[in-house]
Structures are given as structure tokens and as C-alpha cells.
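Read off the chains here:
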Amino acid sequence: MSSKTANTVVMWLLAIALATSFWFSSGWTRLAGGLALFLFGMQCLEEGLRLLAGSELERFLAKATDRTWKSLAFGVLATVMVQSSTLVSLLTIAFLGTGLIGLGAGLCIVFGANLGTTSGIWLLALAGQSASLADMALPLAVFGILLGFNGPRSKGAGRVLLGICFLFFGIDLIKGGFTDATAMFDPAQFKVPGLLGILLFVGIGALVTAVVQSSHASLMLVLTALASGQIDVDQGFALAIGTNVGGVLTAVIGSLGGGRAGKRLALANVLFNSGVALLALVFLQPLTALVLWLAELSGFAGNALLELALFHTLFNGLGVLLFVPWHPRLATALERWLPELAEPSVLIAEVQAQAQPVALQVVTRARYLDDNALDSADAAVQAVARELQHLARLSLEVICHALYLPVDQLRSAQVDERALQDAAQGASRGLDAEQLYQHHIKGVYSDLVSYMGRLKANLDETHNREWIASQVLAMQLVDAVKDAKHLQKNLGRQLNGREPAVSAAYAELRRHMLWVLREMRVISLLDLPEEALRARLELFDGAAAKFDGQFRERLFAAVRENKLDGLHASSLMNDLGYVSRISQSLRNVLMLGLGDAHELLPQLPFRSEDEAPLIQL
């Protein structure tokens, strides 16, 4: 039995067991239904606030992370606004993965999000245990549904109202069902004196949070138990600590299958929540005394719900105070523990490609297209930009292999004539361009097209222009590779052929293509103003046009002198067309990088991330 089938069977068995449990206890049914409505309300609230915020939250994030206190404040305020630390964490992971913010800023945002989560328990403590909220929920449902029939912003407001409506309904059902569901057992029977009893309730809080995947929902259950007298304040404090521990499991599960940015943030969340929980346990007695003293000063002494909210805020705030000063060192440690996978200087290994059968070769896929970024216009555009850099480097290398040019000659200070000659002599056993395209270009390009089609965020005019430019840029790269495939057909056959004039002409085309590829990389590495780079491209255009004209003249002269027949001359003219189209496509890629895609690309295409500019002004 496959793992997927086993998981399906387990899910069905759990669903049947849950449905059976509803048959035996109406109180448990109301409790479970209330919890489900509460979680659904949180989802609606999150979706509505996402629609309302649009790209404003993203723009604010990009501007609000240049200082530690700004990053921390953003994490707090964003979580208070959307009441979902998960959404804030996912947005942070997306921006980290695309390079819009640094790891240090991301850590401060996550620490702030943990502190911002405490606002939810204050709202629940202040309003969740008052009179029935169902009467307030019904009007919210009416207006929420009506608003949903208009535009995106109106629909977002409607989703917010529906989210609050379901939260209210869920709270009422939880309150009503909790008493009935717990009538069959007395939580006091679990009260064990001393440290063991505290650890027991910490474990229960962690387990509940891990199961429901929401600290808000588990804290709602703790508040309900406190309000109904099922547990005392000490047990409530221990359960609150447990919700932080349960958040560790949520962070780990959420990072599975993600990139390095997500794993680093998840590990940071594990360290923060575990450290805060440990500190709260060690200093439980002083913290409890501080809570009781502050409650008395504030006038709500004896209100267990508000005391729990204050305790939850204090120990999370203590964690922020301890972790934030050390966040640069933590960021350095996380990058050392979870380093980025090094990108090789040559992406396509010729030896590997020759040694392995085609069926056994691994198809190259996209590296930087993080699905978490699809909810954010800025993050999605930047993810595509990084992948375009990857595709550009792959395209240059595929063209090199297709034309029997050593890839290291793209980076060398001077062309190694011996290496060029050796590669030309091995043209008959060289790499097939069609296979190179299928294994190293098509997979990445298809991933890009699929990713662009799954974009969830709404694009404004600027992002839409960049999005279109990125599509054109990708197509230009693919077109250049496809033209190289056509050029290889005659080049591989004629480069070492029996007709000296034909072989010399194809060697000239090949040498010109090496110049084109080297020029593309050199221009990409220049750290010059845009006007200077455009001028350099104009020089390239002039040199390419001059070669085209002179090559044609030499062909016709060779025909007149009977050194070439018409058949070979026509083939060379066609292949000169492929050379011109490859040059034009690559040149267009750089022009897009200076034009509509200028804000999209962190650096010009054909420039790998580990290379410094050749000229710095």
C-alpha cells in the first residue's frame, strides 16, 4: 500500500470515528462544531483582510524593515490587524525567498508576530465570555453576504464581517458545548501537585494547539474552561505556555517542503517559542506574582480571563526582549546551520550529460518559484525575476553546448584557441541540442508558465507591466535556444567536413557566436548608468550588423570564385539568419532588463549572483 493510500485510509477512519462520537454526545458535537466555525471565521477574516489590504501591506513591508524596531513593529501591527501570525509568517517567507528583505528583518517580524498574537486573547477575554454573541452575529452575516456581491474591496469587507460572524457563532457554541462535553469528567482529576502537574497541562495545551493548528482556537478553549470553572488560573497559565509549544509543531509542519528561507524562519520560531516556554516555566512563580500585582493595580484582580491574557502577553514580551538584541547573531547562525545550496559555476555538466543515458538524466526544474509568494504581487514578481536569471544562465550554457563552445570560455579573460579547436574536433560526438533543450530549458520554462498562471494576487499597473515583460523575456531566451538547435544541424556536420571553404565559413559563424555570448555576459556585468549600457548595446548592434554584411559579401565572393556552390552558400545564408536571430533575441533580453523589466530584475540577465561587476563607478 502506498503512503498516499495509507494516508487516505487513516483520514477516512478518523472521519468515521469523529462522526460516530457525535452520535453519543450532543455537547461534544456543539463543542466541535463551535471550534470548526471559529477556525472558519479565522480563515474568512484572513481572506477578507488580504483582499482589503491588496498590495498595500506588501509595499509597507518593503519600507518598514530597514530598522530593527520597524521590523518588530510591523510584525506586531500586521498580526494585530489580520489576527493571523501564520499569514504574516508566510508573507515574510515569501519576501525572504525573493530577496526583498534580509533574514535579520524577517526574524524581527516573526518575533513581533508572536507578540501580536497576544492581542487575540485580549479580545477574547474582553468580549468572548460576555452575553450571547449570536444576536450580534446575525446582522454581520447579512451585511457580509450583501457586500460580497460587489468589487474586490467590497468583497474583502464582506469576508471580514462574515469572519467575525462565524467567530461569534463559534464562541457561543464552544461556551455552550464545553460545559456539556466536560460534564462526564472533572478536569480537577488531572490536577497533579508540583512541577509534574504544570508539565501535564503544558503538554495538553501543546497537543490541542498542534491538533487544531491555531493558537487562537486553543486559547479560546482555555478561556472557556476558565470561565466555566473547569480549571483554575494556575492550570490556565500552564495551558497558555503549552500553546506556544504547540506553535512549534505548527511551524515545523508548515516549513516541510519549503525553501531555505522557510526552514530558517521555522527553526527561529522553534527556538523562540521553545525558549519563551522554558523561561515561562522557570520563572512561573515570579511571573504569576507579577500578573496578580498588575491585575490589582489595573482594577481587574480576580478576573481570571484578563489575568490569563496579561500572563500570555508578559511571557511573550519577555521573549521578544531577550531575542531581539541577539537577532543578528541568530541570523548568522541560521545561515550557517541551513546554508543555501551552492549554485555551480557551470549549471550543465558536459561529462555527466555524455555519460548518462537520456532516460536517466534528471530534468532541470525551476529553483526559486516559491508557492508562498503567489499571494503577494511583489514577492511573486521577484520570485519570477530570480528564476529568469536562472533561465538566462541555462540558456547561455545550452547555446554553448549546442554550438560546441566550451562554457568556461564565457568567463575566461582571453579566448583559448586550443580549447576551441579541441571542441570543434569533437563536434561529431557533442551534445544533442534537442536533448539539451528538453532536459535543461523546457522544464524551467514550463514551471515559469505554470507559476505565472497560478498567481493569486491582484497586479497593479506597474506589476502588470513587469509581469508581461518577464513573459516576453522568457520567450526570447527560449527562442534563442531553439534557433541554436537549428544551427547545430549543419554546424556539427560541416565544421570538420571535407570542403575547406565550407568548414572555414562555419568556424567563422561559430567564432562570432562566441563573441556574441561573451558580449552578453560582459554587458550584464557592467555597473554603469542605464544610458551608458544602452550605448554599449548600440555598439554591439553595430558590430553584429557589420559582421552580417561582411559575411554575406564573403559568401557571394566565394560563389563567384567557385569556392562555394549555390547549395552550400544557401545553407550558410540560412544559418547566418539563425546566428542573427540568436544575437537579436539575447540583445532583446538585455534591453528588457533596461526597460520594462528594469524594476523586476535585481541585476541584468546572464550575470550570476556570485559575480562582482567588472567596472564599478
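Cut-off values and rules
- Residues numbered from 1 in each chain as written.
- Predicted model: local features only at pLDDT ≥ 70, side-chain atom pairs only at ≥ 80, totals over all residues.
- Heavy atoms only, no water.
- Helix = DSSP H or I, 4+ residues; strand = E, 2+ residues; numbered from the N terminus.
- Contact = heavy atoms within 4.5 Å.
- Areas by Shrake-Rupley, 256 points an atom, 1.4 Å probe, with all protein chains shown as cover.
- pLDDT = per-residue confidence, 0-100.
- Expected span 1.5 Å × (residues − 1).
- Buried < 20%, exposed > 50% of the residue type's maximum accessible area, 1.4 Å probe, protein only.
- Polar contact = N/O pair within 3.5 Å; in protein donor to acceptor, adjacent residues only side chain to side chain.
- Core = buried A, V, L, I, M, F, W, Y, C linked by side-chain atoms within 4.5 Å.
- UniProt positions renumbered as here; feature names shortened; annotations may be inferred.
- Patch = residues over 30% accessible without salt bridge, like charges linked within 9 Å, V, L, I, M, F, W, Y side chains within 5 Å.
- Salt bridge = Lys/Arg side-chain N within 4 Å of Asp/Glu carboxyl O.
- Axes fitted to C-alpha atoms, helices over the stretch in contact; angles between N-to-C directions.
- Parallel < 35°, antiparallel > 145°, perpendicular 65-115°, else oblique.

Caption draft 1: Representation of the overall build of the protein chain in the model. Across its full length, the protein chain carries 25 helices and two strands. Considering only intrachain contacts with a sequence separation of at least 6, the fraction spanning at least 24 residues in the protein chain is 80%. In the form shown here, the protein chain has an accessible surface area of approximately 29100 Å², with 62% of it arising from carbon and sulfur atoms.

Caption draft 2: Spotlight on the confidence of the model for the protein chain. Residues at a pLDDT of 70 or more form 85% of the protein chain, whose mean pLDDT is 83. This stretch, residues 350–360, has a pLDDT under 50; its non-local contacts, to residues over four places away or in other chains, come to nine contacts.

Caption draft 3: Region of the structure containing helix 15 (residues 304–323). Look at helix 15: 29 Å from first C-alpha to last across 20 residues, which is about the 28 Å you get at 1.5 Å a residue. Across the 20 residues of helix 15, 15 count as buried, placing the element largely inside the fold. Among the residues of helix 15, the N-terminal cap falls to N303, whose side-chain oxygen and the backbone nitrogen of L305 are separated by 3.1 Å.

Caption draft 4: Spatial organisation of the nonpolar core. Judged by nonpolar contacts, the single largest core of 155 residues is most densely connected at F38, L107, I399, M513, L517, L586 and F606. Looking at this core element by element, the count peaks at 16 residues for helix 18 (residues 377–402). A137, A141, L162 and C165 belong to the second-largest nonpolar core, a separate cluster that totals five residues.

Caption draft 5: Layout of the UniProt feature "transmembrane region" (unreviewed entry) in the protein chain. Residues annotated in UniProt with the feature "transmembrane region" (unreviewed entry) correspond here to residues 7–25, 101–126, 156–174, 195–216, 236–258, 270–294 and 300–324. Secondary structure content for residues 156–174 is 100% helix and 0% strand, while the C-alpha to C-alpha distance between its ends is 27 Å.

Caption draft 6: Main features of the side chain of S524. Its place among the elements puts S524 in helix 23 (residues 500–525). Judged by its relative accessible area of 1%, S524 falls in the buried class.

Caption draft 7: How the structure looks around the environment of H439. Mapped onto the fold, H439 is located in helix 20 (residues 433–440). For H439, a relative accessible area of 9% puts it in the buried group. The spacing of H439 and R365 is 74 residues in sequence and 8.9 Å in space, taken between C-alpha atoms.

Caption draft 8: Focus on a nonpolar patch on the surface. Taken together, the side chains of V142, F143, I145, L146 and F149 define a hydrophobic patch exposed on the protein surface, amounting to about 560 Å² of accessible area. Note on placement: F149 falls in the loop between helix 8 (134–147) and helix 9 (152–181).

Caption draft 9: Representation of the pattern of salt bridges. Enumeration according to the criterion identifies 13 salt bridges in this entry. Across the salt bridge formed by D483 and R581, the nearest N and O atoms sit 3.7 Å from each other. You can see D483 sitting in helix 22 (residues 461–494) and its partner R581 sitting in helix 25 (residues 566–594), a full 98 residues away along the chain. Of the charged contacts, one joins R552 and D548 as a salt bridge, the two residues approaching to 2.7 Å between their closest N and O atoms. With R552 and D548 both in helix 24 (residues 530–560) and four residues apart, this pair spans about one turn of that helix. Residue D548 is classed as buried on the basis of its relative accessible area of 15%.

Caption draft 10: Summary view of the packing of helix 20 against helix 21 (residues 442–453). Closest axis-to-axis distance for the helix 20/helix 21 pair is 4 Å, and the angle between their directions is 40°. Relative to helix 21, the element helix 20 is oriented oblique. For the pair formed by helix 20 and helix 21, the contact residues are Y437, Q438 and H440 on the first element and K442, G443 and V444 on the second.

Caption draft 11: Molecular detail of unusual backbone geometry. Phi angles above zero are rare outside glycine, and Y404 is one such case at about 60°. Here Y404 lies in the loop between helix 18 and helix 19 (417–425). Owing to a relative accessible area of 10%, Y404 belongs among the buried residues under this scheme. The phi dihedral of N562 falls on the positive side, at around 65°, and the residue is not glycine. By secondary structure assignment, the location of N562 is in the loop between helix 24 and helix 25. On the accessibility criterion, N562 (69% relative accessible area) is exposed.

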